[in-house]
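Residue-level structural notes
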Amino acid sequence: PVQIPPADRIHRNETLTQDTHWQGLVLVEGSLRVPPQVTLTVAPGTVVRFKTAQTGSSPSPGVLLVEGRIEVNGTSETPVLLLPAVTPTRPGDWQGIVLLGTEKRNLIRHCRMEGAETAIDALHSSITLEEVGIRTADTPLRLQESLAQVRGGELEDALVGAEVRNSELEMTGTRISGARTGILAEGSSLLLEGVTLS
């Protein structure tokens, strides 16, 4: 296993109480909730690692639950990395980002995600992904009664590249590769432009 350097900030099964800015190396152990009216902003170059926490007799997988707003501001030169706290990476090493009932301007830009069960799981929410690369996840993107815009980026090595149920998905210039099922859509509206499935 690769040695993981110590984190600059650690969250263990907690709820944020105010707007929060992340940079450097952040460790999320168990669940971290971003409640309504709170914004989590992630600076370019930030590395966030997710670890399963033991709560009583049952494990609590690393998950970011967003009911407020998330803004990930990576750049092409310094992307944000969202990774499990273990190596090598396998699907389901952490749960992913769950957006629950947040129709604010959620944005994830220039970000790489690995090893999640469902990397982006939006329920009754809206989100924009720009140049986001998601690999080694069971499902990189799942929408349920949600609205998403995906521009560029790649969804690779998954069981289902994008699962869309009763939702609206606008995808432009995105590549889906190595997925058993590229896009699974039910009761939804899709706009695909310049999308490659292989």
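As a reminder, the structure under discussion sits directly above these lines.
Structure report, in brief. (Residues numbered from 1 in each chain as written. Predicted model: local features only at pLDDT ≥ 70, side-chain atom pairs only at ≥ 80, totals over all residues. Heavy atoms only, no water.)

For the rest of this paragraph, the subject is the layout of surface pockets. Approximately 180 Å³ is the volume found for the largest pocket. Lining the largest pocket are 16 residues, and of these Leu 147, Ala 148, Gln 149, Glu 168 and Glu 170 lie nearest its centre. A class-by-class count of the residues in the lining of the largest pocket yields six nonpolar, five polar and five charged. (1 Å grid on protein atoms, 1.4 Å probe; cavity = no way out; pocket = protein on both sides within 12 Å on 5 of 7 lines; lining within 4 Å. Points joined across faces, edges and corners; volume = space filled by probe spheres on them. Nonpolar A, V, L, I, M, F, W, Y, C, P; charged D, E, K, R; others polar.)

In this section: unusual backbone geometry. A cis amide bond links Thr 87 with the next residue in sequence, Pro 88, at an omega value of -5 degrees. Following the sequence through the fold, Pro 88 ends up in the loop between β10 (80–84) and β11 (96–100). Phi at Asn 13 is positive, roughly 40 degrees, even though this residue is not glycine. With respect to the helices, strands and loops of the structure, Asn 13 is situated in strand β1 (residues 9–15). Take Asn 13: its relative accessible area is 34%, and that puts it in the partly exposed class. One non-glycine residue, Gln 37, lies in the positive phi region at around 75 degrees. Mapped onto the elements of the fold, Gln 37 is located in the loop between β3 (25–34) and β4 (39–42). (Helix = DSSP H or I, 4+ residues; strand = E, 2+ residues; numbered from the N terminus. Buried < 20%, exposed > 50% of the residue type's maximum accessible area, 1.4 Å probe, protein only.)

A ring pair, where both rings are aromatic, is described by two values, the distance of the centres and the angle of the planes. One pass over the structure, following the stated rule, counts one aromatic pair. Arranged with centres 4.0 Å apart and planes meeting at 5 degrees, the rings of Phe 50 and Trp 94 form a pair that is stacked. Residue Phe 50 is found in strand β5 (residues 47–51), and its partner Trp 94 is found in the loop between β10 and β11; the two are separated by 44 residues along the sequence. Residue classification places Trp 94 among the buried residues on the basis of a relative accessible area of 0%. (Phe/Tyr/Trp six-rings, centres within 6.5 Å; stacked < 30°, edge-to-face > 60°.)

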